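Chain by chain, the residues:
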Amino acid sequence: MIKIITVYGTMLVAAMGRTLLLALLGLFFACIIGMVFGIMGVVKNRACNIISQIFVDVIRGVPMIVLAFFVYFGVPYLFNTIIGGFTISLTALQAGTICLALNCGAYMAEIIRAGIQSVDIGQMEAARSLGLTYGMAMRKVVLPQAIKTMIPTFINQFIITLKDTSILSVIGFPELVNTAKNVQANTFMSFQTWAIVGIMYLIVITILSRSAKVLERRLNVGR
Amino acid sequence: MADNEVKISVKNLKKCYGNLEVLKDISSDITKGEVVCVIGPSGSGKSTFLRCLNRLENVTSGTIIVDGNDITSKNTNINKVRENIGMVFQHFNLFNNLNILDNLTLAPTQLKKCSKTEAVERAKKMLKKVGLEDKASSFPSQLSGGQKQRVAIARALCMEPDIMLFDEPTSALDPEMVGEVLQVMKDLAADGMTMVIVTHEMGFAREVCDRVLFMDGGYIIEEGTPQEVLVNPKEPRTIDFLNKVL
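Fair warning: this is a prediction, and the values are worked out from it, not measured in the lab. Each chain has its residues counted from 1, running along the sequence as written. Labels are handed out in written order, letters beginning with A for the chains and numbers beginning with 1 for the ligands. A pLDDT threshold of at least 70 governs which residues receive local features in this predicted model, and a stricter bar of 80 or more applies before side-chain atom pairs are shown or counted, although totals over entire chains, interfaces and linings include all residues. As a rule here, side-chain values cover all heavy atoms of the structure and leave hydrogens and water aside.

Caption draft 1: Summary view of the packing of aromatic side chains. In this scheme Phe, Tyr and Trp rings, the latter by its six-membered ring, pair at centre separations within 6.5 Å, and the angle between planes marks the pair as stacked below 30 degrees, edge-to-face above 60, and tilted otherwise. Counted under the stated rule, the structure contains six aromatic pairs over all chains. Between the aromatic rings of Tyr 72 of chain A and Phe 73 of chain A, the centroid separation amounts to 4.8 Å while the plane-to-plane angle is 65°, which identifies the pairing as edge-to-face. By the ring-pair criterion, three or more aromatic residues cluster together here, those being Phe 69, Tyr 72 and Phe 73 of chain A. One Lys or Arg, Arg 155 of chain B, reaches over the ring of Phe 95 of chain B and ends 4.4 Å from the middle of that ring. Over a ring means this: the NZ of a Lys or the CZ of an Arg is within 6 Å of the ring centre and within 35 degrees of the ring normal.

Caption draft 2: Fine view of the pattern of salt bridges. Residues and elements named next belong to chain B. Each salt bridge in this description consists of a side-chain nitrogen of Lys or Arg and a carboxyl oxygen of Asp or Glu lying within 4 Å of one another. Across all of its chains, the model carries 18 salt bridges over all chains by this definition. As a salt-bridge pair, Asp 216 and Arg 237 come within 2.4 Å of each other at their nearest N and O atoms. In this pair, Asp 216 sits in strand 9 (residues 211-216) while Arg 237 sits in helix 9 (residues 236-245), placing the two residues 21 residues apart along the sequence. Three exposure classes are used, based on accessible area relative to the maximum for each residue type with a 1.4 Å probe and protein chains only: buried under 20%, partly exposed in between, and exposed over 50%. For Asp 216, a relative accessible area of 18% gives the class buried. Segments assigned H or I by DSSP are reported as helices when at least four residues long, segments assigned E as strands when at least two residues long, and all are numbered from the N terminus.

Caption draft 3: Seen up close, helix 2 (residues 46-60) of chain A. All names here are of chain A. One less than the residue count of a helix, multiplied by 1.5 Å, gives the span that helix is expected to have. In this model helix 2 runs 21 Å from its N-terminal to its C-terminal C-alpha over 15 residues, within 8% of the 21 Å that 1.5 Å per residue would give. Turning to helix 2, its buried residues are Ser 52, Phe 55, Val 56 and Ile 59. Projection of helix 2 onto a plane perpendicular to its axis shows the buried side chains occupying an angular sector of 95°, all on one side. By definition in these notes, contact holds between two residues if any of their heavy atoms fall within 4.5 Å. The secondary structure elements touched by the buried residues of helix 2 are helix 1 (2-42) and helix 4 (92-118). Of the residues flanking the start of helix 2, the one acting as N-cap is Asn 45, its side-chain oxygen 2.9 Å from the backbone nitrogen of Ala 47. Taking the helix axis as origin, the arc is that swept by the directions to the C-beta atoms. Whenever a nitrogen or oxygen atom comes within 3.5 Å of another N or O atom, the pair is scored as a polar contact, on the condition that within protein one atom can donate a hydrogen and the other can accept it, and that pairs from neighbouring residues in sequence are kept only if both atoms are in side chains.

Caption draft 4: The arrangement of the interface of chain B and chain A in detail. Taken residue by residue, the interface counts 23 residues in chain B and 20 residues in chain A. Summed over both sides, the interface of chain B with chain A buries roughly 1,900 Å², with 56% coming from carbon and sulfur. The largest share of the area that chain B buries against chain A comes from Phe 95, Asn 97 and Gln 110 of chain B, three residues that together contribute 28% of it. Along the contact surface separating chain B from chain A lie one salt bridge. Note that Glu 125 of chain A and Arg 51 of chain B form a salt bridge whose closest N and O atoms lie 2.6 Å from each other. Here chain B is connected to chain A by seven residue pairs in polar contact (both at pLDDT 80 or more). Of all the elements in the fold, those that place two or more residues in the side of chain B that touches chain A are helix 2 (78-82), strand 6 (85-88), helix 3 (100-110) and helix 5 (145-157) of chain B. At three residues, helix 3 of chain B tops the list of elements feeding residues into the side of chain B that touches chain A. Accessible area that two parts lose when put together, with a 1.4 Å probe and added across both, is what the buried area reports.

Next up, the structure:
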């Protein structure tokens, strides 16, 4: 175990860095996707509701590993070979980010939709009765209350997404699991390698969820 | 002051939820400075009628004209019309994420009716009017029901509306808090505000209202002065209802 840490330690830490980079990129775009589709799920417009629901259903209904293969191999093949004419090639980081963003975005959309709908309808009605537009009422009254209820679920989703980056080892992105596979192949020390990797995930996620708890408590002040 | 100026004119109003006809044929004119109480059994459509007056409910057919604007028309900017119609809800609906002062200043500042300082000044004046000037920095969750409802009235007044709608403003209050809210409403009526009040407070209706509408089954069954409707009702349905509640 000591040998792995001394020889491969920096390599594994760098891989953890790439895992975090991938997770952060994915989460960033997932937030945008989730916000867009979440709001589309609550507005009074049948077409928007349906589009949002279809997006969520499709992404939730496909395992992420399939989505990863589809985005990394399937989509370039579609453009390069089936349609032809123009070449698309995605790096593993780009494809991984797209996968995470779509996957996590769909779950975020559901969290946001449910969060907004959990705010008493009277809040919206009172705001509208004063002459505020739908957008103003949403921004100033409904969303601030919805976000408070969403935070714990958000944190949960962030953690799931961070762990889901490991699935992207299948498209060859050198994140932690992929790197650890190489370490194991070189050293044959399966137990030690995976124990170290497990502990590394555990440490990062514990730090993340503890600091999220602090944030949650801060935001609840003045309630 | 032209006392006969019509503020709200309702003609052949009909409202359906799917197959359920809640309002069947309602017509009524409300003139400036008039205080109109709407009474009736639950499910009679009185709250729906009130909510149609600022288009919180879209009407199925008929017209509602408020200050010359046909609010049933899609071309009318309903937000502009609503700025002039205050509404008070049964469950107060104060904005839980904002303190009392921000509850009062949100709409005037967002809608650029006045500067922030003017809005704060007016909010303080309105809080004083409802007797809660010391609660400006409290949050809604820290107030009693009666206080919340008085804040809700003050919040509506900060937009300086011509018309105030009250949807069972005292129904969710403890009995001992009803008085303080009714007092604020009496003061408003005395100031000449045009008011439409859905209520179960018969004593208040008799004392303060100029006109009482008795609704049942989606129709206005009987209307007139409190004396006519509450003391000497003609329609059997009205007599029956009053016998049950009084």
